[in-house]
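Listed below are the residues making up each chain.
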Amino acid sequence: MNRSTRFLIALSVALLARTAAVEAQTPPPAPCERTSSSSVRLMFEEADSYVTRKQAELEKQKSPVDDRVRRKWWQEQRELAAKDLASLRGCDLQPNEELYYFGRLQFLAGEFGPALDSLRLFLTQNTYTELAQLARPVAISAALRKNLVAEAEQISADFQARGTARLEQVFDIENQFAGVYRTAADFDSMTRHTKAMYRMVKQAMLDKTCKGVSCDQMLVSSVALTAEAYFKQNRPDDAQAVFERLEKFALSRPSASLFMITADRYKQFNPSIDPFRIYEQTIDGSQKLPELTAVDWIDMQPVKFSQLHDRVVLLDFWATWCGPCRATFPELRRLKTAYEAKGLTIIGVTRYFGGVDGAKMNREQELAYLRDFKKKNELTYGFAVGDSDKDIEDYGVFGIPTYVLIDRGGNVRLMGIGATGAPAATLETAIKKLIAEPASTARNN
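Here we summarise the structure given alongside this text. Model, not experiment: these values are computed from the prediction.

Moving on: the pairing of strand β3 (residues 344-351). β3 sits mainly inside the fold: seven of its eight residues count as buried. Direction of pairing for strand β2 (residues 312-317) relative to β3: parallel, over a ladder of six bridges. When the sheet's bridge partners are listed, F317 is paired in β3 with V349.

The next thing to look at is the pattern of salt bridges. Applying the stated rule across the entire model yields 21 salt bridges. A salt bridge links D407 to R413; its shortest N-O distance comes to 2.7 Å. As far as the burial class goes, D407 and R413 line up, both buried. The partner of E437 in a salt bridge is R413, with the nearest N and O atoms 2.5 Å apart. On the criterion of sequence distance, the pair formed by E437 in the segment after α18 (421-436) and R413 in strand β8 (residues 412-417) is long-range, its members being 24 residues apart. Its relative accessible area of 6% is what places E437 among the buried residues. When salt bridges that share partners are traced, they join D407, R413, K433 and E437 into one network.

This next bit is on the packing of helix α7 (residues 130-145) against helix α9 (residues 167-183). Close contact between α7 and α9 brings their axes to 11 Å; oriented N to C, the two are set at 5°. The angle between α7 and α9 places the two elements in the roughly parallel class. Contacts between α7 and α9 involve P137, I140, S141, L144 and R145 from the former and Q169, I173, Q176, F177 and V180 from the latter. When the residues that make up the contact of α7 with α9 are grouped by side-chain class, the tally is six nonpolar, three polar and one charged.

Looking now at the sheet that holds strand β7 (residues 402-406). In a beta sheet, neighbouring strands pair by backbone hydrogen bonds and run either parallel or antiparallel. Within the open sheet, the six strands sit side by side as β1-β6-β3-β2-β7-β8. Their pairing is mixed. Each edge of the open sheet carries a strand with a single partner, namely β1 (296-298) and β8. Strand-to-strand, the axes of this sheet are offset by a mean angle of 20°, without reference to chain direction. The sheet contacts of helix α13 (residues 256-269) involve β7 and β8, and relative to β8 the element is tilted by about 75°.

Moving on: unusual backbone geometry. At the junction of R253 and P254, the peptide bond is cis and its omega measures out at -10° in the coordinates. Residue position: P254 is located in the loop between α12 (236-252) and α13. Cis rather than trans, the peptide bond between I400 and P401 has omega equal to 5°. Relative to the helices and strands, P401 is located in the loop between α17 (390-394) and β7. Positioned with a positive phi, N147 is a non-glycine residue whose angle comes to about 60°. You can see N147 is positioned in the loop between α7 and α8 (149-161).

Cut-offs used in this document
- Residues numbered from 1 in each chain as written.
- Predicted model: local features only at pLDDT ≥ 70, side-chain atom pairs only at ≥ 80, totals over all residues.
- Heavy atoms only, no water.
- Buried < 20%, exposed > 50% of the residue type's maximum accessible area, 1.4 Å probe, protein only.
- Helix = DSSP H or I, 4+ residues; strand = E, 2+ residues; numbered from the N terminus.
- Pairing = 2+ DSSP bridges.
- Salt bridge = Lys/Arg side-chain N within 4 Å of Asp/Glu carboxyl O.
- Axes fitted to C-alpha atoms, helices over the stretch in contact; angles between N-to-C directions.
- Parallel < 35°, antiparallel > 145°, perpendicular 65-115°, else oblique.
- Contact = heavy atoms within 4.5 Å.
- Nonpolar A, V, L, I, M, F, W, Y, C, P; charged D, E, K, R; others polar.

None of the figures reported here should be taken as evidence of function without further support.
Encoded structure:
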């Protein structure tokens, strides 16, 4: 019998003893109103899905959902769960799935102590079931709300040891621990959990089991919490370093989404920092970049990055229907005129969408439209036109216009949104810096 099992059994014995003592001093409960063995489960499922159902109803009506509305729903959910619990008073619950759903209802009603009592007892008698693994995250949350951190840590260890937990579940648990330790000003323990958050998400991204903006947000959140813990420990240099390392990781993937979310949080953390100055840090070696998957090239020959080893390359992700993209055209024309002879190559990266302005088009018709669009807007740089979202996915583009700036060594050195206003000034400064770098930094593929 391991330490965790002994711990939970001891707690359950104490719970049963306390319950017996209370029952001896209180009058008999009201008759149980339960009508079938599945009632507790049905009650929980109805209460648990309450907010989701309400949101679906408003989305169907195309009505806006704000924080005030959500708070109202959560309050109504708590009230519904509390009403269900009241109807179950006097019921003789079995220590199987009935007790599990009863504990979940108690948690939804905000009765965290009783919920923990119920789930403790359930776990002692159903340790190895699938339902037990669903119970553990709730028990952890309940324990943390009662400030029983050591117990929560033990349940968490059991939960993760079984190897069936989803990334989002484990991340949320670690995040809860980080919050508790932050409140307690225990920043060493806070950092232990934030680093665990970072490691698990980064590994999932490297394994390609976690993709998209939600994963980027989790990774940035873990770094922001780590930086906060370092700052509270009077370690500002370490706090800054974790953000810079994440920026470099975003550039190396490459992921514009991750880079931009990181830069935004970095700026919030320290407004005196310019997160886009990361391009000033040179990179040894050569990055293996995803090749563009264009099926048509307009006003340029098909090209691979190895053929651009002596050039600074600016990829501009855009579309004809994108108003902000069109706003960048004057600046892109100016950059081409000013720096092409000095070593800059601009490639407009877009794709076929099957039509323009609601009118359906085949590939030949859309290609002709793009050629005409290019001429009318006096865009003298080449276009790479794909037939899928692969290029967007390969570069982590989550909104357009997005630019990717690549040095002569084949390394992504900067990413950004748009090319007007302040971003344009940063982009031009970066282009000048990369053009001025010595040829020895260029790759030789």
